[in-house]
Amino acid sequence: MGFFSSVLGFFGFGVGLFAGIVIGYFLFIYFQPTDVKDPTIRPLVEHDSKSLERMFPEIPLWVKNPDFDRVDWLNKFLETMWPYLDKAICKMAKEISKPIIEENTKKYKIDSVEFETLTLGSLPPTFQGMKVYHTDEKELIMELLLKWAANPNITVVVKAYGLKVTAQVVDLQVFAIPRITLKPLVPNFPCFANILVSLMEKPHVDFGLKLLGADVMAVPGLYRFVQETIKTQVANMYLWPRTLDVPVMDPSKAFQKPVGILLVNVVRAQKLKKKDLMGKSDPYVKIKLTEDKLPSKKTTVKRSNLNPEWNEEFKLVVKDPQSQALEISVYDWEQVGKHDKMGMNVVPLRDLTPDEPKILTLELLKNMDPNDVQNEKSRGQIILEVTYKPFQEGDAPKEGTDDDSGAVEKAPEGTPSGGGLLVVIVHEAQDLEGKHHTNPYVRVIFRGEERKTRHIKKNRDPRWGDEFQFMCEEPPTNDRIHLEVLSKAPSIGIHSKEVLGYIDINLADVVSNKRINEKYHLIDSKNGRIQIEMQWRT
């Protein structure tokens, strides 16, 4: 009976197991729980920022914030240059830390502190986005999101009281948003004089510190204490508006200061060649100093004359008498079309004796190429009287003043005691639009005196940087200055010049504040704006 009972029991277990599997599968397939709902699928744009951050914790800043631009090119540049930047940065760090270490070793009676190894590793920092700010001043402001998970090997050996202690920094992580300002912008390479660095929020700094081979950061409570201490100390030093200033060049050398005045008397020309088919030429002279952005000065036009006399005097500001030269060009005036160039020559200022008038008779040349055979042809002569007058020690601008720091220079010698010098700088314009053409230039009118900038062809966002000076017997507190943006008609065309907009500026604020630098919306223009800087020098 025992045998039959075992067989029947085993058979019953097999049948029960099979029946349980079949019934369970049937219930799983044909019966669904009532509390389960279908998932809701929504596009990404309908999720809030917190949901997106949970789904994409490493989403770049340029995706979350449209003000930030992608800078993949900068990351590729860093990736390629990192082996060289690593060595350069480590070398600079050693040079900067050397005097600091020497000062503290004497203070705390430490024998020596040396870098046994110093490398930032093979992983360069990455920038997740960059935002650029535009201001009316001569500066460039950038904000960058920096993420750096580095594998550095920084080992410092400290020797004191006959003991040797080795500390090693490993697994460095830095997350920060620095603001970098390049100012002032200058016309010499690298085109900025200072770098100012600020942090827009407390940085995240994480690293491992091995002391005598053991990880010190594993000590309970020490990790958080070190992190908060670093964040607080760095924030106290560099959190905006505090800055870290890194000088790149001396601004006083970047902006060349005037060192003297060149007096030029255009006396006459002789034996000029006939240019007009119907009659004689109508000559006039243009003079300017090389390396000077100011427009050329012109004499009057002498009609139908091949031996004209002018006796007209001009003053030119000299910045570098060793490299600058006086450039003289004679033109034949034409009522229609381009004026014909009759000849030219130059006078290097280094050939002039200071404070000594010199009369020069110059042969007019085709160009300044000594190998050009066309210069052998006679084109006439021009007679000048030139005198270079360097500033005396008391008249020269003080060393170290910065044109773009907001300080206003003093007026030159000879300015009326109750008046001053009104300086108008036409910087640039944006969104200009002419009906038939857009070749803009600016006309400045003050107390009946008119000045013009150079005209720029086919440009809706022109940059001039032209400076004009008006001498005033008294402060122009009740005066207005009129600036008009015009478009010069093409040389060939049926459309005349057009007015692209204008502004009238009260000068009371200029006199009281000494300097203003603002953008103005142009009247009678759809979107046009112009940036004007004005200074009142006394």
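Residues numbered from 1 in each chain as written. Predicted model: local features only at pLDDT ≥ 70, side-chain atom pairs only at ≥ 80, totals over all residues. Heavy atoms only, no water.

Student: Just to check I follow, could you spell out the overall build of the protein chain for this structure?
Tutor: On a plain count of helices and strands, the protein chain comes out with seven helices and 26 strands. Relative to its full complement of 538 residues, the protein chain shows a buried share of 35%. Across the protein chain, the fraction of contacts at a sequence separation of at least 24, relative to all contacts at a separation of at least 6, is 65%. With the model as given, the accessible surface of the protein chain reaches about 34300 Å², and the carbon-plus-sulfur share is 56%. (Helix = DSSP H or I, 4+ residues; strand = E, 2+ residues; numbered from the N terminus. Buried < 20%, exposed > 50% of the residue type's maximum accessible area, 1.4 Å probe, protein only. Contact = heavy atoms within 4.5 Å. Areas by Shrake-Rupley, 256 points an atom, 1.4 Å probe, with all protein chains shown as cover.)

Student: Whenever I open this one, the sheet that holds strand β19 (residues 420-430) confuses me. Can you help?
Tutor: Strand pairing in a sheet relies on backbone hydrogen bonds. The paired strands run either parallel or antiparallel. If you walk across this open sheet you meet the four strands as β22-β19-β26-β25, and the pairing is antiparallel. Looking at the sheet topology across the chains shown, the edges are occupied by β22 (463-472) and β25 (515-521). Direction aside, the axes of adjacent strands within the sheet are offset by 20° on average. Judged from the seven bridges that link them, β25 and strand β26 (residues 529-537) form a sheet pairing that is antiparallel. Counted as the bridge partner of Glu518 is Ile532 from β26. (Pairing = 2+ DSSP bridges. Axes fitted to C-alpha atoms, helices over the stretch in contact; angles between N-to-C directions.)

Student: Help me out: how do you make sense of the nonpolar core in this one?
Tutor: The nonpolar side chains of a soluble globular protein tend to be buried with one another. Core analysis: the biggest nonpolar cluster contains 29 residues, and Leu422, Val426, Ile481, Leu483, Ile530, Ile532 and Met534 have the highest contact counts within it. Going through the elements one at a time, β19, β20 (440-446), β22, β23 (480-487), β24 (498-506), α7 (508-513), β25 and β26 are the ones with two or more residues in this core. In this structure, Leu262, Val266, Leu306 and Ile382 belong to the second largest nonpolar core, which totals 27 residues. (Core = buried A, V, L, I, M, F, W, Y, C linked by side-chain atoms within 4.5 Å.)

Student: Please clarify how the environment of Ser512 should be interpreted in this entry.
Tutor: Looking at where Ser512 falls in the secondary structure, it is placed in helix α7. Exposure remark for Ser512: the relative accessible area of 52% places this residue in the exposed category. Linking Ser512 and Trp536, residues 24 residues apart in sequence, is a C-alpha distance of 8.6 Å. Within the local environment of Ser512, its side chain forms a polar contact with the backbone oxygen of Asp509, the two atoms lying 3.1 Å apart. (Polar contact = N/O pair within 3.5 Å; in protein donor to acceptor, adjacent residues only side chain to side chain.)

Student: Is there a simple way to think about the packing of aromatic side chains in this case?
Tutor: Each aromatic ring pair is characterised by the separation of its centres together with the angle its planes make. In this structure the tally under the stated criterion is three aromatic pairs. Centroid distance Trp82 to Trp148: 5.9 Å. Interplanar angle 80°. Geometry classified as edge-to-face. Highlighted residues: Trp82 in helix α4 (residues 72-107) and Trp148 in strand β3 (residues 140-149), separated in sequence by 66 residues. An identical accessibility class is assigned to Trp82 and Trp148; each is buried. With a centroid separation of 5.8 Å and 20° between ring planes, the pair formed by Tyr284 and Tyr331 is classed as stacked. Here Tyr331 lies in strand β15 (residues 325-332) and Tyr284 lies in strand β12 (residues 283-289), a separation of 47 residues in the sequence. (Phe/Tyr/Trp six-rings, centres within 6.5 Å; stacked < 30°, edge-to-face > 60°.)

Student: Could you clarify how one ought to interpret α4 in this entry?
Tutor: Since one α-helical turn is 3.6 residues long, residues separated by three or four positions face the same way. When the local axis directions of α4 are compared, the greatest deviation, roughly 65°, occurs at Trp82, which is followed within four positions by the proline Pro83. Of the residues making up α4, those classed as buried are Leu74, Asn75, Leu78, Trp82, Asp86, Cys90, Ser97 and Thr105. Those residues of α4 that are buried are in contact with β1 (112-119), β2 (126-133) and β3. Where α4 terminates, the next one or two residues include Lys109, which has phi positive at roughly 55°. (Bend = angle between axes of the 7 residues up to and from the residue.)

Student: I tried to follow the sheet that holds strand β16 (residues 340-348) on my own but got confused; where do I start?
Tutor: Pairing is antiparallel in the open sheet, where four strands are placed in the order β13-β12-β15-β16. At either margin of the open sheet sits one strand with a lone partner, and together these are β13 (297-298) and β16. Here β12 pairs with β13 via two bridges, running antiparallel. Residue pairing across strands places Ile287 opposite Lys297, the latter belonging to β13.

Student: Hey, could you run me through a nonpolar patch on the surface in this one?
Tutor: Taken together, the side chains of Met92, Ile96 and Ile100 make up a nonpolar region of the molecular surface, amounting to roughly 310 Å² of accessible area. On the secondary structure map, Met92 appears in helix α4. (Patch = residues over 30% accessible without salt bridge, like charges linked within 9 Å, V, L, I, M, F, W, Y side chains within 5 Å. Salt bridge = Lys/Arg side-chain N within 4 Å of Asp/Glu carboxyl O.)

Student: Help me out: how do you make sense of the pattern of salt bridges in this one?
Tutor: Should their charged atoms come close, side chains of opposite charge can pair. Tallied over the entire structure, the rule returns 12 salt bridges. For the salt bridge of Arg443 with Glu484, the shortest nitrogen-to-oxygen distance reads 2.4 Å. Placement of the pair is Arg443 in strand β20 and Glu484 in strand β23, with a sequence separation of 41 residues. A salt bridge links Arg451 to Glu449; its shortest N-O distance comes to 2.5 Å. Residue class for Glu449 comes out partly exposed when judged on its relative accessible area of 36%. Among the charged side chains, a salt-bridge network with shared partners connects Arg443, Glu450, Lys452 and Glu484.

Student: Would you take a moment to explain unusual backbone geometry for this structure?
Tutor: Most of the time, phi is negative for any residue but glycine, and the peptide bond is trans. For Asn311, which is not a glycine, the phi torsion comes out positive at approximately 55°. Secondary-structure assignment places Asn311 in strand β14 (residues 309-318). Non-glycine residue Asp524 carries a positive phi angle of around 65°. Assignment of secondary structure puts Asp524 in the loop between β25 and β26. Here Asp524 falls in the exposed class, since its relative accessible area comes to 64%.

Student: Honestly, the confidence of the model for the protein chain in this entry has me stumped. Any pointers?
Tutor: Low-pLDDT portions of the prediction should not be read for the details of their coordinates. When pLDDT is averaged across the protein chain, the result is 76; 75% of the residues are at 70 or more. Within the protein chain, no element has a lower average pLDDT than helix α6 (residues 251-254), which sits at 58, and none a higher one than β20, at 89. Of the regions scoring below 50 in pLDDT, residues 394-405 engages in 19 contacts with residues more than four places distant in sequence or in other chains. (pLDDT = per-residue confidence, 0-100.)

Student: Looking at this structure, I do not really get the side chain of Gln535. What am I missing?
Tutor: Within the secondary structure, Gln535 sits in strand β26. Among the residues examined, Gln535 registers a relative accessible area of 5% and is labelled buried. At 3.0 Å, the side chain of Gln535 and the side chain of Glu533 are in polar contact.

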